[in-house]
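# Commentary on secondary and tertiary structure
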Amino acid sequence: MKTIADILKEIRPEFDFTTSTDFKADGMLDSFDMVTLVATLDKTYGISISGADIVPENFQNLETIAALLRKNGVQP
Amino acid sequence: MTPFRTVAGVFAAIQTVKAGAAGFCTNFFPDGQKLQDWVERNELHGESCAGALFLFRRDHDFSRLYFCAASPAALRAGIATLAGLRNERIVVDLVGKESAPGEIFLALEAAGFRRYQQLCRMARPGQSALQAAGGAELPVTLAGHADVPAILALLEGAFDRYAEQLPLTAEIENAVASGQIFVVRLEGVLAGLLFFETQGVTSILRYWLVAEAFRARHVGAALMRHYLATQSTVRRFLLWVIASNDNAVQKYRRYGFVPDGLVDHVLASEPIYNENHR
Ligand SMILES: CC(C)(COP(=O)(O)OP(=O)(O)OC[C@H]1O[C@@H](n2cnc3c(N)ncnc32)[C@H](O)[C@@H]1OP(=O)(O)O)[C@@H](O)C(=O)NCCC(=O)NCCS
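Note that the structure is a prediction, hence the values are computed from the model and not measured. (Residues numbered from 1 in each chain as written. Chains lettered and ligands numbered in written order. Predicted model: local features only at pLDDT ≥ 70, side-chain atom pairs only at ≥ 80, totals over all residues. Heavy atoms only, no water.)

## Examining helix H8 (residues 219–230) of chain B
The condition that has to hold: Numbering of helices and strands runs from the N terminus; a helix is a DSSP stretch of H or I covering at least four residues, while a strand is a stretch of E covering at least two. Expected span of a helix: the number of residues minus one, times 1.5 Å. Throughout, exposure labels follow a simple rule: accessible area from a 1.4 Å probe, protein chains only, divided by the maximum for the residue type, with under 20% read as buried, over 50% as exposed, and the rest as partly exposed.
Counted at 1.5 Å a residue, the expected span for H8(B) with its twelve residues is 16 Å, and the 17 Å between its end C-alpha atoms agrees. Listed as buried for H8(B) are Val219(B), Gly220(B), Ala221(B), Ala222(B), Leu223(B), Met224(B), Tyr227(B) and Leu228(B).

## Re the domain arrangement of chain B
Residues and elements named next belong to chain B. What counts here: An automatic or database domain assignment supplies the residue ranges for each domain. Contact criterion: two residues are considered in contact whenever any of their non-hydrogen atoms come within 4.5 Å of each other. Each of two parts loses accessible area, computed with a 1.4 Å probe, when they are put together; buried area is these two losses added. Salt bridges are defined by distance alone: a side-chain nitrogen of Lys or Arg within 4 Å of a carboxyl oxygen of Asp or Glu. Here a polar contact is taken to be a pair of N or O atoms separated by no more than 3.5 Å, where protein atoms must pair a possible hydrogen donor with a possible acceptor and residues adjacent in sequence count only if both atoms sit in side chains. Note that Gly is not counted as nonpolar here; it falls among the polar residues with everything else outside the nonpolar set of Ala, Val, Leu, Ile, Met, Phe, Trp, Tyr, Cys and Pro and the charged set of Asp, Glu, Lys and Arg.
Examined at the domain level, chain B breaks down into domain 1 (2–117 + 265–276) and domain 2 (128–234). Computed over C-alpha atoms only, the centres of domain 1 and domain 2 are separated by 30 Å. Taken residue by residue, the interface counts 18 residues in domain 1 and eleven residues in domain 2. Contact between domain 1 and domain 2 buries roughly 1,100 Å² in total, counting both sides, with carbon and sulfur atoms accounting for 46%. Connecting domain 1 to domain 2 are two salt bridges. Residue Asp61 pairs with Arg161 through a salt bridge whose shortest N-O separation is 2.8 Å. Summed over the shared surface of domain 1 and domain 2, the number is seven residue pairs in polar contact (both at pLDDT 80 or more). Taken together, the elements giving at least two residues each to the side of domain 1 that touches domain 2 come down to strand E4 (52–59), strand E5 (62–69), strand E6 (90–96), strand E7 (114–125) and helix H10 (270–276). Its residues placed into classes, the side of domain 1 that touches domain 2 shows five nonpolar, three polar and ten charged.

## What to know about the packing of helix H1 (residues 4–11) of chain A against helix H3 (residues 62–71) of chain A
Residues and elements named next belong to chain A. Here is the rule we go by: Note on method: axes are straight lines fitted to C-alpha atoms, helices fitted across the in-contact stretch only, with angles between N-to-C directions ranging 0 to 180 degrees. When an angle is under 35 degrees it counts as roughly parallel; over 145 it counts as roughly antiparallel; between 65 and 115 it counts as roughly perpendicular; any other value is oblique. If you view the pair so one helix is near and one far, a crossing is left-handed when the near helix is turned anticlockwise from the far one by less than a right angle, and right-handed when it is turned clockwise.
At a minimum axis separation of 10 Å, H1 and H3 run at an interaxial angle of 115 degrees. In terms of orientation, H1 lies roughly perpendicular with respect to H3. Classified by chirality, the crossing of H3 by H1 is right-handed. Facing Ile4, Ala5 and Leu8 of H1, the residues of H3 in contact are Leu62, Ile65, Ala66 and Leu69. Counted by class, the contact of H1 with H3 contains seven nonpolar, no polar and no charged residues.

## So, the site of the ligand
All names here are of chain B. Which entries qualify depends on this criterion: For this description, a residue counts as near a given molecule or strand if any of its non-hydrogen atoms is within 4 Å of it. All accessibility values rest on the Shrake-Rupley procedure with a 1.4 Å probe; residue burial counts only the protein chains present in the view.
For the ligand, the set of nearby residues contains 21 residues, the closest of which are Trp208, Val210, Gly220, Ala221 and Arg254. Within the backbone of Arg217, one N or O atom sits 3.3 Å away from an oxygen atom of the ligand. One nitrogen or oxygen atom from the main chain of His218 is found 3.0 Å from an oxygen atom belonging to the ligand. Isolated, the ligand exposes 950 Å² of accessible area, and the fraction of that covered by the protein chains is 79%. Elements represented by at least two residues in the shell around the ligand include exactly strand E11 (202–210), H8 and helix H9 (246–254). The biggest single contributor to the shell around the ligand is H9, with five residues.

## Things to note about the packing of aromatic side chains
All names here are of chain B. Put simply, the rule reads: Centres within 6.5 Å make a pair out of two Phe, Tyr or Trp rings, where for Trp the six-membered ring is used; the pair is then stacked when the planes are under 30 degrees apart, edge-to-face when over 60, and tilted otherwise. Placement of a positive charge over a ring is assigned whenever Lys NZ or Arg CZ falls within 6 Å of the ring centre and within 35 degrees of the normal to the ring plane.
This model, assessed by the stated rule, comprises 16 aromatic pairs over all chains. Ring plane angle 20 degrees and centroid distance 5.9 Å describe the contact between Trp38 and Tyr66, whose orientation is recorded as stacked. Remark: Tyr66 occurs in strand E5 and Trp38 occurs in helix H2 (residues 32–40); sequence separation between them is 28 residues. Considered together, Trp38 and Tyr66 belong to a single accessibility category, that of buried residues. Members of the aromatic cluster, each reached through a chain of ring pairs, are Phe182, Phe196, Tyr227 and Phe237. Over the face of the ring belonging to Phe105 we find Arg115, whose NZ or CZ atom lies 4.1 Å from the ring centre. If you follow Arg206 out to its NZ or CZ, it ends over the ring of Phe195, 5.3 Å from the centre.

## A few points about the nonpolar core
Considering soluble globular proteins, one finds that nonpolar side chains tend to be buried as a cluster. Let me state the cut-off plainly: Here, nonpolar core refers to any group of buried Ala, Val, Leu, Ile, Met, Phe, Trp, Tyr and Cys residues whose side-chain atoms link them within 4.5 Å.
Core analysis: the biggest nonpolar cluster contains 49 residues, and Ile181(B), Leu193(B), Met224(B) and Tyr252(B) have the highest contact counts within it. Tallying contributions element by element places H8(B) first for this core, with seven residues. In this structure Tyr252(B) touches Met122(B), Leu205(B), Trp208(B), Met224(B), Leu239(B), Val241(B) and Phe257(B), once residues within four positions along its chain are discounted. By size, the runner-up hydrophobic cluster in this structure holds 23 residues, among which are Leu41(A), Ile65(A), Leu68(A) and Leu69(A).

Here it is, written out as structure tokens:
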């Protein structure tokens, strides 16, 4: 199973997401990347992330994305 | 229409539409700071109806319309209830990967919007080598406060405010203060400028412009070379350009930018469309 870091690397291969604690502030993920990320997470883990959860706080770093996946019943 | 007084109020309004909506669709991807500025300047108003929220942002002498809808059908039904939409000067941006935005476009067309312009996003890796860059002898400096009126006049004279999101004086002042506008002055006037926003490892090139009298004399090249060379920590450069602006697209390609697949379909209400397609 792909890790969150693998998925992010596919979306933005030029960045090292493991070194950042705030993807947005570090200029690593823009709003459009976030839309791609949600679609990829849904597909990879067979879930449907609720619209209400698609807020910047949930996509701040690897840890917050992992927490969002756990909320959707996935152990990343 | 209700003005939004806080950013939290905007998110709360969006949340009521999003909750449990499987077909949620939106063209609202605000950057936190920009949203804060719009609210503070009292530029953002909202109107909601069952399953859809419409946000109007004042921009110069027209409005930009953003929507959040539970589904494309809810968008179509909701937009039909907005009074006076056809007579107002309104622009809608639809950003997406595909060249045809499908159902959402049809819903907006049914409400009277017409295809006005198309922009494409171009990207460049931070480390790619410059194939060529003339103008090395031209002096590039950071813009100062005294340049603001000339910068504004140059931008307003060259760009289409409906399609290209022209900055307000306050935004230019902020950009000058944070060192995000490079200029070349020749013969005592502002010959060209390059306006950018760097955040972390990404830099967005917002405007690259040379006054007509100074074009094809390497002023543009000097600005571009200086910009690319000074952003040494940037890993990704991005910009939006009108897809049919061959002159600019070709020059951007020369500096290593290539389309990254993202497209912005700019739709306009009839008063704006008719003004420009007579
Ligand atoms: C795009 C723009 C900024 C370029 O500025 P400019 O000063 O005219 O450009 P330059 O003379 O420096 O030319 C830039 C490069 O294109 C090359 N070039 C110039 N004319 C060319 C031509 N007819 N064919 C091929 N290459 C050409 C130059 O040699 C230079 O390359 P170099 O780095 O190898 O020297 C200017 O044309 C402009 O202001 N256009 C209107 C606004 C716009 O469309 N901006 C971009 C969208 S934001």
